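Structure at a glance
Each chain, written out:
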Amino acid sequence: QVQLVESGGGLVQPGGSLSLSCAASGSIFSINAMAWYRQAPGKQRELVAAITSGDSTNYTDSVKGRFTISRDSAKKTVYLQMNSLKPEDTAVYYCNGVGIRTYWGYVADYWGQGTQVTVSS
């Protein structure tokens, strides 16, 4: 059983910072990539940032220069450092594990339960 558990969401004022983390657990042999998505009320879920096993990263244009994705392979954890937050960053943020292979050879994508980020004065 593979689980992704996010933490670190909350309420922050515009211009502030928050750090999210997502820890993967279970019988994991390898992880191809991990990503953060977000979904604001009434909007579709969108990719925010992603990082591969080779540490290649990509970001949606609206967060470039403000958000940084990183990972700790040993801890099977991915982080999202969010700086200069704006009200439009308000959303539920979801962690996504791409191509997670278990010790039994099963490969699948997994999602965390989501964590709320609210940017408001």
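My aim in this report is to walk through the structure given alongside it, one point at a time. Because the structure is predicted, anything quoted here is derived from the model rather than measured. (Residues numbered from 1 in each chain as written. Predicted model: local features only at pLDDT ≥ 70, side-chain atom pairs only at ≥ 80, totals over all residues. Heavy atoms only, no water.)

**Topic: the overall build of the protein chain**
Scanning the protein chain from terminus to terminus reveals zero helices and 11 strands. Computed over the C-alpha atoms, the radius of gyration of the protein chain is 14 Å, within 12% of the 14 Å expected from 2.2 N^0.38 for a compact globule of 121 residues. Within the protein chain, the proportion of its 121 residues that are buried is 39%. Taken as a whole, the protein chain presents about 6,400 Å² of accessible surface, with 48% of it coming from carbon and sulfur. Positive and negative side-chain charges of the protein chain, numbering 10 and 8 respectively, have mean locations separated by a distance of 2 Å. (Helix = DSSP H or I, 4+ residues; strand = E, 2+ residues; numbered from the N terminus. Rg over C-alpha atoms; globule rule 2.2 N^0.38 Å. Buried < 20%, exposed > 50% of the residue type's maximum accessible area, 1.4 Å probe, protein only. Areas by Shrake-Rupley, 256 points an atom, 1.4 Å probe, with all protein chains shown as cover. Lys, Arg positive; Asp, Glu negative; His and termini not counted. Charge placed at Lys NZ, Arg CZ, Asp CG, Glu CD.)

**Let's talk about the side chain of N96**
Summarising the element assignment, N96 is placed in strand β9 (residues 91-102). Given a relative accessible area of 5%, N96 falls into the buried group. A polar contact is formed between the side chain of N96 and the backbone oxygen of Y110, at a distance of 3.1 Å. Setting aside chain neighbours within four positions, we find N96 in contact with L4, A33, M34, A35, Y37, D109, Y110 and W111. (Polar contact = N/O pair within 3.5 Å; in protein donor to acceptor, adjacent residues only side chain to side chain. Contact = heavy atoms within 4.5 Å.)

**Some thoughts on the packing of aromatic side chains**
A complete count under the given rule lists two aromatic pairs for this structure. Plain terms: the ring middles of F29 and Y103 are 5.7 Å apart, the flat faces sit at 75° to each other, and that makes the pair edge-to-face. Of this pair, F29 sits in strand β4 (residues 28-39) while Y103 sits in the loop between β9 and β10 (107-111), and the two are 74 residues apart along the sequence. For F29, a relative accessible area of 53% puts it in the exposed group. Taking NZ or CZ as reference, R45 lies 3.7 Å from the ring centre of Y94, over its face. The ring of W111 carries the charged tip of R45 above its face, separated from the ring centre by 4.7 Å. (Phe/Tyr/Trp six-rings, centres within 6.5 Å; stacked < 30°, edge-to-face > 60°. Lys NZ or Arg CZ within 6 Å of the ring centre and 35° of its normal.)

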